[in-house]
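Residue strings, one per chain:
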Amino acid sequence: MVYDVAIIGAGVVGTLIARAFSKYDMNVVLIEKTADVAMGTTKANSGIVHAGFDAQSGTMKAKLNVRGCALMEDLCKELFVPYEKNGSLVVAFNDQELETIKVLYDRGITNGVPDMEIIDAAKLRELEPNISEEAKGALWAKSAGIVSPYELAIAAAECACGNGVEFKRNFDVDAITFADGVFSVKCKCGCEVAAKVVINAAGLGAAEIAKKFNGEEYEVIGRLGEYGLLDRSCAGTCSHTIFQCPNEMGKGVLVTPSCHHNILVGPSSVNVDDVDDMSVRVGALRQIFATAQKSVPIVSTRDMITSFAGIRAHHVDDDFIITPAKDNDKFINLIGIESPGLASSPAIAEYVEEMVINTIGKPVEKANYNPSRKAPVVFRELPPEKQEALIAENPAYARVICRCETITEGEIRDAIKAPAGAIDIDGVKRRTRAGMGRCQGGFCGSKVLEILAEELNLPKEDITKFGGESKIIYERTK
Amino acid sequence: MSKILNYDLVVVGGGPAGMAAALSAMDNGIPEENIIILERADRLGGILEQCIHTGFGLTYFGEELSGPEYAQRFIDLVEKTKIAVKTDTMVLNLTKDNQVICSNRDDGIYTINAKAIILAMGCRERPRGALDIAGSRPAGVMSAGAAQKYVNIDGYMPGHKVVILGSGDIGLIMARRMTLEGAKVECVCEVMPYSGGLQRNIVQCLEDFDIPLYLSCTVIQVHGKDRVTGVTIANVDDKMLPIPGTERYIECDTLMLSVGLIPENELSQQIGLEMDPVTRGPKVNEMRETSHKGVFACGNVLQVHDLVDFVTQESQIAGKGAAQFIKGAPEPEYVNCKGINGVRYTVPQRINKNNEEEVKIYFRVANVYKDKRVVVTVGGKELWNRKKIKLAPGEMENVFIKPEDLKEMKAGDEIVVSVEEA
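All values derive from a computational prediction rather than experimental measurement.

1. Some words on the overall build of chain A
Then, number 1: Scanning chain A for helices and strands turns up twelve helices and 22 strands.
Then, number 2: In terms of overall dimensions, chain A has a C-alpha envelope of 65 × 60 × 45 Å along the principal axes.
Then, number 3: With 478 residues in all, chain A has 60% of them scored as buried.
Then, number 4: Of all intrachain contacts in chain A linking residues separated by at least 6 positions in sequence, the fraction that spans at least 24 positions is 72%.
Then, number 5: In the structure as shown, chain A presents an accessible area of about 18,500 Å², 49% of it carried by carbon and sulfur atoms.
Then, number 6: Distance between charge centres in chain A, computed from 53 positive and 66 negative side chains, equals 3 Å.

2. Structural notes on the overall build of chain B
Then, number 1: Along its length, chain B carries eight helices and 28 strands.
Then, number 2: Taking 2.2 N^0.38 as the reference for a compact globule, 422 residues should give roughly 22 Å; the C-alpha atoms of chain B span a radius of gyration of 22 Å, in line with that estimate.
Then, number 3: Looking at the 422 residues of chain B, the share that counts as buried comes to 59%.
Then, number 4: Considering only intrachain contacts with a sequence separation of at least 6, the fraction spanning at least 24 residues in chain B is 64%.
Then, number 5: Surface summary for chain B: the accessible area is close to 16,600 Å², and the carbon and sulfur share equals 48%.

3. Structural notes on the domain arrangement of chain A
Often, the extent of an interface is quoted as the loss of accessible area on bringing the components together.
All names here are of chain A.
Then, number 1: In terms of domains, chain A is made up of domain 1 (2-42 + 150-220 + 318-360), domain 2 (84-145 + 221-315) and domain 3 (379-462).
Then, number 2: With 20 residues of domain 1 in contact, the opposing surface of domain 2 contributes twelve residues.
Then, number 3: Summed over both sides, the interface of domain 1 with domain 2 buries roughly 1,200 Å², with 56% coming from carbon and sulfur.
Then, number 4: For domain 1, the biggest contributors to the area lost against domain 2 are L204, V220 and E338; these three give 44% of the whole.
Then, number 5: Connecting domain 1 to domain 2 are one salt bridge.
Then, number 6: Where domain 1 meets domain 2, there are five residue pairs in polar contact (both at pLDDT 80 or more).
Then, number 7: A class-by-class count of the residues in the side of domain 1 that touches domain 2 yields nine nonpolar, five polar and six charged.

4. As for unusual backbone geometry
Then, number 1: Of note, the amide linkage connecting G266(A) to P267(A) takes the cis form, showing an omega dihedral of -5°.
Then, number 2: Inspection of the secondary structure puts P267(A) in the loop between β16 (263-266) and β17 (270-272).
Then, number 3: In this structure, P348(B) follows V347(B) across a cis peptide bond, with omega equal to 5°.
Then, number 4: If you trace the backbone, P348(B) turns up in the loop between β22 (343-347) and β23 (350-352).
Then, number 5: For N457(A), which is not glycine, the phi dihedral falls at a positive 55°.
Then, number 6: Along the chain, N457(A) falls in the segment after α12 (445-456).
Then, number 7: Overall, N457(A) belongs to the exposed group, its relative accessible area being 70%.
Then, number 8: Phi at D371(B) is positive, roughly 50°, even though this residue is not glycine.

5. Thoughts on the packing of helix α1 (residues 16-27) of chain B against helix α7 (residues 308-327) of chain B
Residue and element names in this part refer to chain B.
Then, number 1: Relative orientation of the contacting elements α1 and α7 amounts to 40°, with a least axis distance of 7 Å. The angle between α1 and α7 places the two elements in the oblique class. The element α1 and its partner α7 pack so that their crossing is right-handed. Contact with α1, carried on its side by P16, A17, A20, A21, S24 and A25, involves V308, V311, T312, S315, Q316, G319, K320 and A323 of α7 and no other residues of that element.

6. Quick word on the packing of aromatic side chains
Then, number 1: Under the counting rule described, the total for this entry stands at twelve aromatic pairs over all chains.
Then, number 2: Considering the side-chain rings of Y60(B) and F74(B), the 6.0 Å spacing of their centres and the 35° angle between planes classify their relative orientation as tilted. Here the residue Y60(B) occupies a position in the loop between β3 (54-56) and β4 (65-66), and F74(B) occupies one in helix α2 (residues 67-79), the gap between them amounting to 14 residues.
Then, number 3: For Y60(B), a relative accessible area of 29% corresponds to the partly exposed category.
Then, number 4: Counting every residue linked through ring pairs, the aromatic cluster contains F178(A), F183(A), F213(A) and F331(A).
Then, number 5: The ring of W140(A) carries K142(A) above its face, with NZ or CZ at 4.5 Å from the centroid.
Then, number 6: Above the face of the Y334(B) ring, R350(B) is positioned so that its terminal group lies 4.3 Å from the ring centre.

7. Description of the sheet that holds strand β28 (residues 414-421) of chain B
Residues and elements named next belong to chain B.
Then, number 1: Strand order in this open sheet of five strands is β23-β21-β28-β25-β26, and the pairing throughout is mixed. The sheet is open, and its two edges are formed by β23 and β26 (381-391), each paired on a single side. Taking the axes of each pair of neighbouring strands and ignoring which way they run, one obtains an average angle of 25° across the sheet.
Then, number 2: As paired elements, strand β21 (residues 334-340) and β28 share five bridges and run parallel to each other. If you follow C337 over to β28, its bridge partner there is I415.

8. A word on helix α11 (residues 425-432) of chain A
Residues and elements named next belong to chain A.
Then, number 1: Counting buried residues in α11 gives eight out of eight residues, a clear majority hidden from the surface.
Then, number 2: Of all the positions in α11, only I425, D426, G427, V428, K429, R430, R431 and T432 are classed as buried.
Then, number 3: In this structure, the buried residues of α11 make contact with α5 (149-162), β22 (407-408), α10 (409-417) and α12.
Then, number 4: Once α11 finishes, R433 follows within two positions and takes phi at roughly 80°, a positive value.

9. Let's talk about the sheet that holds strand β10 (residues 134-135) of chain B
All names here are of chain B.
Then, number 1: Ordered by their spatial adjacency, four strands build an open sheet running β10-β15-β16-β17, and the pairing between neighbours is mixed. Looking at which strands have only one partner, the edges of the open sheet turn out to be β10 and β17 (248-251).
Then, number 2: Where β10 meets strand β15 (residues 217-223), two bridges bridge the pair, whose relative direction is parallel. For G135, the partnering residue across the bridge sits in β15 and is V222.

10. Notes on the environment of T232(B)
All names here are of chain B.
Then, number 1: Looking at the element boundaries, T232 is found in strand β16 (residues 230-235).
Then, number 2: Residue classification places T232 among the buried positions, given a relative accessible area of 11%.
Then, number 3: It is 9.6 Å that separates the C-alpha atoms of T232 and A134, two residues lying 98 residues apart in sequence.
Then, number 4: What T232 contacts, discounting residues up to four positions off in sequence, is T218, V219, I220, Q221, H223, E247, R248 and Y249.
Then, number 5: Of note is the side chain of T232, whose polar atom sits 2.6 Å from the side chain of H223.

11. Brief notes about the domain arrangement of chain B
All names here are of chain B.
Then, number 1: According to the domain assignment, chain B consists of domain 1 (1-125 + 260-329), domain 2 (127-259) and domain 3 (331-422).
Then, number 2: Relative placement of domain 1 and domain 3: their C-alpha centres are 26 Å apart.
Then, number 3: Counting residues at the interface gives 24 residues for domain 1 and 20 residues for domain 3.
Then, number 4: The junction of domain 1 with domain 3 conceals about 1,700 Å² of combined surface from both sides, 45% of it contributed by carbon and sulfur atoms.
Then, number 5: Across the contact surface, domain 1 and domain 3 share three salt bridges.
Then, number 6: In this structure, the salt-bridge partner of E331 is K293, at a minimum N-O distance of 3.8 Å.
Then, number 7: Where domain 1 meets domain 3, there are twelve residue pairs in polar contact (both at pLDDT 80 or more).
Then, number 8: Split into classes, the residues belonging to the side of domain 1 that touches domain 3 amount to eight nonpolar, seven polar and nine charged.

What counts and what doesn't
Positions within a chain are numbered from 1, following the residues in the order the chain's sequence is written. Chain labels run from A onward and ligand labels from 1 onward, assigned in the order the entries are written. Only residues with pLDDT of at least 70 are given local features in this predicted model, and only at 80 or more are side-chain atom pairs given and counted; all residues enter the totals for whole chains, interfaces and linings. Side-chain calculation: all heavy atoms of the structure are included, whereas hydrogens and water are not. A run of DSSP states H or I qualifies as a helix once it reaches four residues; a run of E qualifies as a strand once it reaches two. Both are numbered from the N-terminal end. Accessibility here uses a 1.4 Å probe with only protein chains present; expressed as a share of the type maximum, an area under 20% marks a residue as buried, one over 50% as exposed, and anything in between as partly exposed. Working rule for contacts: check all heavy atoms of both residues, and any pair within 4.5 Å makes them a contact. The Shrake-Rupley method, run with a 1.4 Å probe, gives the accessible areas here. Residue values count only the displayed protein chains as cover. In this count, Lys and Arg are taken as positive residues and Asp and Glu as negative ones, while His and the chain termini are left out. Each charge is placed at NZ for Lys, CZ for Arg, CG for Asp and CD for Glu. All radius of gyration figures rest on C-alpha atoms, and the globule criterion is 2.2 Å times the number of residues raised to 0.38. Domain limits in this description derive from either an automatic procedure or a database domain assignment. Reported buried area values correspond to the accessible surface (1.4 Å probe) lost by two parts on association, with both partners' losses combined. Any carboxyl oxygen of Asp or Glu that lies within 4 Å of a side-chain nitrogen of Lys or Arg is treated as forming a salt bridge with it. In the analysis that follows, any N or O atom pair within 3.5 Å is treated as a polar contact, provided that within protein one partner can donate a hydrogen and the other can accept it, and provided that, for residues neighboring in sequence, both atoms belong to side chains. Under the convention adopted here, Pro, Cys and the residues Ala, Val, Leu, Ile, Met, Phe, Trp and Tyr are nonpolar, Asp, Glu, Lys and Arg are charged, and Gly plus all remaining residues are polar. In this analysis, axes come from line fits to C-alpha atoms, helices being fitted only over the stretch in contact, and the angle between any two N-to-C directions falls in the range 0 to 180 degrees. To sort the angles, those under 35 degrees are grouped as roughly parallel, those over 145 as roughly antiparallel, those from 65 to 115 as roughly perpendicular, and the leftovers as oblique. Should the near helix be turned anticlockwise from the far one by less than a right angle, the crossing is termed left-handed; should it be turned clockwise, right-handed. Any Phe, Tyr or Trp ring, taking Trp's six-membered ring, that has another such ring centre within 6.5 Å forms a pair; planes under 30 degrees apart are called stacked, those over 60 apart edge-to-face, and the others tilted. A positively charged side chain is recorded as over a ring if its NZ (Lys) or CZ (Arg) lies within 6 Å of the ring centre. The angle to the ring normal must also be within 35 degrees. When DSSP finds two or more bridges between a pair of strands, those strands are recorded as paired.

Here it is as structure tokens:
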């Protein structure tokens, strides 16, 4: 079969593009190198919906960020994704930085960012009582928000696959050729996908895939960002996303609430050669927390429940490159989708959709397209009468598997059965939060493994943490 | 409308603490049919069910039992009574008027009105994230307790070449267990200059198997993309920071963590119990009553114990206290307890001066001490002292307060436990 569109990469950008095309009467395939959606840059970033004043005016970043930020709230509602418009603050600590935030404000106006205000130290402290005494003022952007990035990608994939998109996991692209109007995308395992249009949304791997297709070279640098996540008992630390003034390596270290009431501290920013190595460097967290304490002195590694690192693809021109391949307008490259890539993702999907339609003409829309997905059950957040009704329908919702986050067996089974559902421990974790809490899966890990083995009809020892060779257990004891 | 039940006493947790507390409440006059135990696992016994090694019961029963044997003695006792037991049942909420809201597959969500509640939820292991260990996040990093469940309950090997970080008792026990199952345990690293585990476990689990214990040493980096392929360890200085130049790489497929236990107090915090920042459990009086009237706590949810025998004894006190409360007890007059000078905390944190029995104050020390005295003073006056050849953070200690001494104290007095020169 020849697909109408093949999308490479199931991060937040790829999945939203897949959803965009799933409303048309066409055959769409979403190809992913790893075992699950949201496994690359999407999995490990700040989860910020930036307002859009950072990027230089006139760039793709500026344009798509402001548009994406405007689209995000409704999109998240439609897809049942945790989102909060909590507003952001860029804090200034001296006269020079007070000038910097004015520059950011003016740039925001030019970029079309709504609802910004420059506030003094008193107002800042009223908004954020735990802010450093050294803070002199801030740029307050009320349109900024926070979103759960991997849940957005998971939701978009569920929506797309619910509308007929095919999801191919563990499809590591080896070669792409073009003949007679059809692309042939070959996997390292030997299987092959044929498609009339290819969208290269492979994130960190996008430059390599572009090169594999026609030798085109993009100058992309992998930039590592490390984070520490604090226990929910620290939830009162701050309510806005608190930035320091930006520098040449990006937007600096931030302190922000997450959608799930943890506090996130980070990222660092260092250029790396190996984009597959998401290791936290020795000593990095001590540095990050020391920097973060400049704006919010009470954050401490003592309250950390986990640390992680992500890598973003930075293009030397410091912009998103979204463009057809040289000599082939049906092969579209998305290169350098780093921050504000998450904030921009709904707008990137819209932009790519329009680009393809301009080339191939507008396809017929499906009559039965569903822009949403089945609302996931979040047992812990339901009122008691709804909890009871659910249990009456399915007693698996009465059995709590993850004690720290109160996640039930029913929710875990739902996550596995969903379109493009979970097939490993981390997949269950990202979809349900089982294992995200204080004990980090110490108690529930073996139970989740059992449920996965049962639902997928696999032996327990075949269940992995995140695909590949990430086995949890080996042979039986003697 | 959900089901509402009424019980005199609700015990949250059916491990050794919960069972002993329920039985003790019965022995102290609460009708057995008015007591219920709620347990989230599918059977009673708690973590003892996976502790198949011996060493349990030496103090309480005067014989050496395995964990499941020790638990079974109490399960048998509970089963002979009319104490209600609900397994596979999770407590979702506690309310300030002593209601317990819980959920299970058979009954759905229901509410229990209780005259008294005993919290006996136990503790959990500190995860990797709480430590500043750099590197990747592959499969094969697990808590020693999780590994113990895979091996002893599920019957699977969680790894073949193991490094253990932390010399807490579970880590030591698992070093031996994995060795007996055919795995190679490369070493146990302990960041402190001494082990946090029992001396007998260091001898029986490490020395007997030639497993090296590296003190003042920690894991600074995890290697491996999918599964652990090795770790980098390094010696640490007296501020517990890695010393450059001492790093070495050890090939392994598993990193087991035994880096401390944390009482599981989510429910306690829901009703705003006053907590002790050192024990991370509620503050209690000598009957183990928390800052909330009618709510008691015992076992590892209150303070992490090294021996289950002590958990049993403590829980019997809590059961008795709950029984007295239900039957109606006079208003207490409190004296406070605290530890200084090398004594990290005391349990209880306060004592009713009108108590008519001897009170044991439990405590742990902050460091390893040799040839010192443990001293108890009230208002600067020495009440009690005893010479100790060795004190270690891994071993829980206790001192006694006699009722006649308590009577002489005034409400608000402070009982101070300290380590002094011999």
